[in-house]
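# Examination of the molecular architecture
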Amino acid sequence: MSQPGEQRGSAPVTAFELQRPRLFGLAYRMLGSAADAEDVVQDVFLRWHGTEPGSVEKPSAWLAKVATNLCLNRLGSAPIRRERYIGSWLPEPVLTSEGALGPLETAEQRDTVSLAFLVLAERLTPGERAVFVLREAFGYSHREVAELVGLSESNCRQLHSRARKRLSAARLPPSANDDPESRILVDRFLAAARGGDLAGLERMLAEDVTAVADGGGTPGVARLPVRGAEKVARYLTVVTSRYVEGLTVSVCEVNGTVAAAGWFASRLLGVVVPDVANGRITNIHILANPGKLRFVGTQLARLSHSEAPFGS
């Protein structure tokens, strides 16, 4: 597969920078962490910088292979870190209106950056996740995937098939909600939550709605999922009531879908990412771990003078 920056003799730094967004998007889909993805990209650059100029015939393939292997190494220790994590674990949010994760033009590209997918991808083996991401999000052929991960083509086909079955069985939610109707629903949802309108909130929530909050041990953040329209509505109104004065909320595009960022006293409190289906909110992801908000906080700060951070 031909990618930008394939020309032999290109300046090493220029060739790498052409691939940086793609490498970050690959590492993030593999790891679910913007901080870890940045570390992987930096490690790839150091290895790339150590090669002889012109010695790599296809820079994009070489860089993707190195990035994939580095991610596989990190995924090996991920289960241990998850076991030690306090409360529910969610991926780090990433503002996607600037193209931070590369093009999101197809359903596959958008689905593989959604929080729902990244949570379900934790159930896959490292090999299954690598093969699925490379095949679905980046369009590599099975032969190319085999070359990147160092396995046989038949083995990669089996891994891809198993990954698809596991994800299908887990019922991945519909593609990201970035349509005008979803934006209107989220606006109404936020207004009801801030206004303490329990009845209004319940009408917008599916009966079996689930709210999952990742606070990493932050006080006041639920450590277990909250289920059911009535309980979720009460939980949200209690949380927002703590910041009646001085709470600023902006709608933005996070992980390919409409979301909301809440600020208090110039501090990013959290990011709320709802899943919408059939005009109702079916799932709510709440990111409130300060460590997981650094990357998206920096992104939002860059857009602070923009009129509308939502949409690309």
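Up top you'll find the structure we're talking about.
Residues numbered from 1 in each chain as written. Predicted model: local features only at pLDDT ≥ 70, side-chain atom pairs only at ≥ 80, totals over all residues. Heavy atoms only, no water.

## Let's talk about the sheet that holds strand S1 (residues 205-214)
The condition that has to hold: Here, strands pair whenever DSSP counts at least two bridges between them. For helices the rule is a DSSP run of H or I covering at least 4 residues; for strands it is a run of E covering at least 2, with both sets numbered from the N terminus onward. Between two residues, a contact is recorded if the distance between any of their heavy atoms is within 4.5 Å. Structural elements are reduced to axes, namely lines fitted to C-alpha atoms, with helices fitted over the stretch in contact, and the angle between N-to-C directions of any two is expressed from 0 to 180 degrees.
Strands sit in the order S2-S1-S6-S5-S4-S3 across an open sheet of six strands; the sheet is mixed. Looking at strand neighbours, the two that pair on one side only are strand S2 (226-227) and strand S3 (247-254), the edges of this open sheet. Sitting on the sheet, helix H12 (residues 229-241) touches S1, S2 and strand S6 (280-287), and the angle it makes with S1 is about 45°.

## Comments concerning the side chain of Thr-112
Stated precisely, the cut-off is as follows: Under the rule applied, a polar contact is a pair of N or O atoms within 3.5 Å (in protein, one hydrogen donor and one hydrogen acceptor; residues adjacent in sequence only if both atoms are side-chain atoms).
Along the chain, the position of Thr-112 falls in the loop between helix H5 (107-111) and helix H6 (115-120). Of note is the side chain of Thr-112, whose polar atom sits 3.2 Å from the backbone oxygen of Gln-109.

## Brief notes about the environment of Trp-62
Within the element layout of this structure, Trp-62 appears in helix H3 (residues 59-75). Here the alpha-carbon distance between Trp-62 and Ser-114, two residues 52 residues apart in the chain, equals 27 Å. Beyond its immediate stretch of four places on either side in the chain, Trp-62 contacts Arg-47, Trp-48, Thr-51 and Val-56.

## Comments concerning the layout of surface pockets
Rules: Method remark: on a 1 Å grid restricted to protein atoms, a set of points is classed as a cavity if a 1.4 Å probe fits but cannot get out and as a pocket if it is open with protein on both sides within 12 Å along at least five of seven lines; lining residues have an atom within 4 Å of a point. Grid points are joined across faces, edges and corners, and a volume is the space filled by probe spheres set on the points. Gly falls in the polar group here, along with every residue not listed as nonpolar (Ala, Val, Leu, Ile, Met, Phe, Trp, Tyr, Cys, Pro) or charged (Asp, Glu, Lys, Arg).
Computed from the structure, the largest pocket encloses a volume of approximately 620 Å³. Lining the largest pocket are 31 residues, with Val-239, Tyr-243, Leu-269, Gly-270 and Ile-286 sitting closest to its centre. Listed by contribution, the elements that provide at least two residues to the lining of the largest pocket are helix H10 (180-195), H12, S3, strand S4 (257-264), strand S5 (267-277) and S6. A per-element tally of the lining of the largest pocket places S5 first, with six residues. Residues of the lining of the largest pocket, tallied by class, amount to 22 nonpolar, five polar and four charged.

## Concerning the packing of aromatic side chains
Defined as follows: Two aromatic rings, drawn from Phe, Tyr or Trp (for Trp, its six-membered ring), form a pair once their centres lie within 6.5 Å of each other, and the interplanar angle then sorts them: stacked below 30 degrees, edge-to-face above 60, tilted otherwise. Type-normalised accessible area, obtained with a 1.4 Å probe on protein chains alone, sets the label of each residue: buried when under 20%, exposed when over 50%, and partly exposed for intermediate values.
Under the definition given, this model contains five aromatic pairs. Taken together, a centroid distance of 6.4 Å and an interplanar angle of 20° make the contact between Phe-24 and Tyr-28 stacked. On the criterion of helical spacing, the pair formed by Phe-24 and Tyr-28 is a turn pair, its members being four residues apart in helix H1 (residues 12-31). For the ring pair Phe-117 and Phe-132, a centre distance of 5.8 Å and an interplane angle of 25° mean the geometry is stacked. Note that Phe-117 is positioned in helix H6 and Phe-132 in helix H7 (residues 126-136), a separation of 15 residues in sequence. Taken as a pair, Phe-117 and Phe-132 share a single burial class, namely buried. Taken together, the ring pairs in this structure connect Phe-24, Tyr-28 and Phe-295 into an aromatic cluster.

## Points about the packing of H3 against H7
Our working rule: Two helices crossing with the near one rotated counterclockwise from the far one by less than a right angle form a left-handed crossing, whereas a clockwise rotation gives a right-handed crossing.
Closest axis-to-axis distance for the H3/H7 pair is 10 Å, and the angle between their directions is 145°. Judged by the sense of rotation from one axis to the other, the crossing of H3 with H7 is right-handed. Residue-level inspection shows Thr-68, Leu-72 and Leu-75 of H3 in contact with H7, the latter providing Pro-126, Gly-127, Arg-129, Ala-130 and Leu-134. The residue inventory of the contact of H3 with H7, partitioned by class, reads five nonpolar, two polar and one charged.

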